Amino acid sequence: MSDDHVDGNALAGDLREIFAVDLTTATGRCAGCGYRGSVATLRVYRNAPGLVARCPHCEEVVLRLVRGRDRAWLDLRGTVSLEIPLPS
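Residues numbered from 1 in each chain as written. Predicted model: local features only at pLDDT ≥ 70, side-chain atom pairs only at ≥ 80, totals over all residues. Heavy atoms only, no water.

Explanation requested: the side chain of threonine 79 in the structure shown.
Summarising the element assignment, threonine 79 is placed in strand E7 (residues 79-83). A polar atom in the side chain of threonine 79 sits 2.9 Å from the backbone oxygen of valine 62. (Helix = DSSP H or I, 4+ residues; strand = E, 2+ residues; numbered from the N terminus. Polar contact = N/O pair within 3.5 Å; in protein donor to acceptor, adjacent residues only side chain to side chain.)

Written out as structure tokens, the structure reads:
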């Protein structure tokens, strides 16, 4: 392995820019069936400890979001990729 790396703090600026946009317009791809569609098309269920978003095509869980008093947990395990439009 090479030593020409920095720690994850180098991602701070880019991640702040990305997550400061409306993610409902982002296009995701389901890990279960490959369906591509905007986050807004997901089926969101609220009767869990957090929000659970399922693919509208195959019903696989694509995203989980749990909020606490001072933090949030985002699980994108069911998402192969998320294409996020950035402001010009």
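Teacher, can you tell me more about the sheet that holds strand E1 (residues 27-30) here?
In any sheet, the strands associate via hydrogen bonds between backbone groups, in a parallel or an antiparallel arrangement. Taken in spatial order, the three strands line up as E2-E1-E7 in an open sheet, and their pairing is antiparallel. On the outer flanks of this sheet lie strand E2 (36-38) and E7, each paired with one strand and no other. Across the sheet, the mean angle from the axis of one strand to that of its neighbour is 25°, orientation sign disregarded. Alignment of E1 against E2, held across three bridges, turns out to be antiparallel. The partner of arginine 29 across the bridge, within E2, is arginine 36. (Pairing = 2+ DSSP bridges. Axes fitted to C-alpha atoms, helices over the stretch in contact; angles between N-to-C directions.)

Can you help me understand the environment of arginine 54 in this one?
On the secondary structure map, arginine 54 appears in strand E4 (residues 51-54). In this structure arginine 54 comes out as partly exposed when scored by relative accessible area, which is 28%. For the pair arginine 54 and arginine 43, spaced eleven residues apart in sequence, the C-alpha to C-alpha distance is 5.1 Å. If sequence neighbours within four positions are ignored, arginine 54 has contacts with Leu42, Arg43, Tyr45, Glu59, Glu60, Val61 and Val62. Within the local environment of arginine 54, its side chain forms a polar contact with the backbone oxygen of glutamate 59, the two atoms lying 2.6 Å apart. (Buried < 20%, exposed > 50% of the residue type's maximum accessible area, 1.4 Å probe, protein only. Contact = heavy atoms within 4.5 Å.)

Explanation requested: the layout of surface pockets in the structure shown.
The gaps of empty space that remain are located by a probe, the size of a water molecule, rolled over the atoms. In this structure, the largest pocket occupies an estimated 310 Å³ of space. Lining the largest pocket are 15 residues, with Leu23, Val39, Leu63, Leu65 and Leu74 positioned closest to its centre. At the level of secondary structure, the elements contributing two or more residues to the lining of the largest pocket comprise E4 and strand E5 (61-67). A class-by-class count of the residues in the lining of the largest pocket yields 14 nonpolar, one polar and no charged. (1 Å grid on protein atoms, 1.4 Å probe; cavity = no way out; pocket = protein on both sides within 12 Å on 5 of 7 lines; lining within 4 Å. Points joined across faces, edges and corners; volume = space filled by probe spheres on them. Nonpolar A, V, L, I, M, F, W, Y, C, P; charged D, E, K, R; others polar.)

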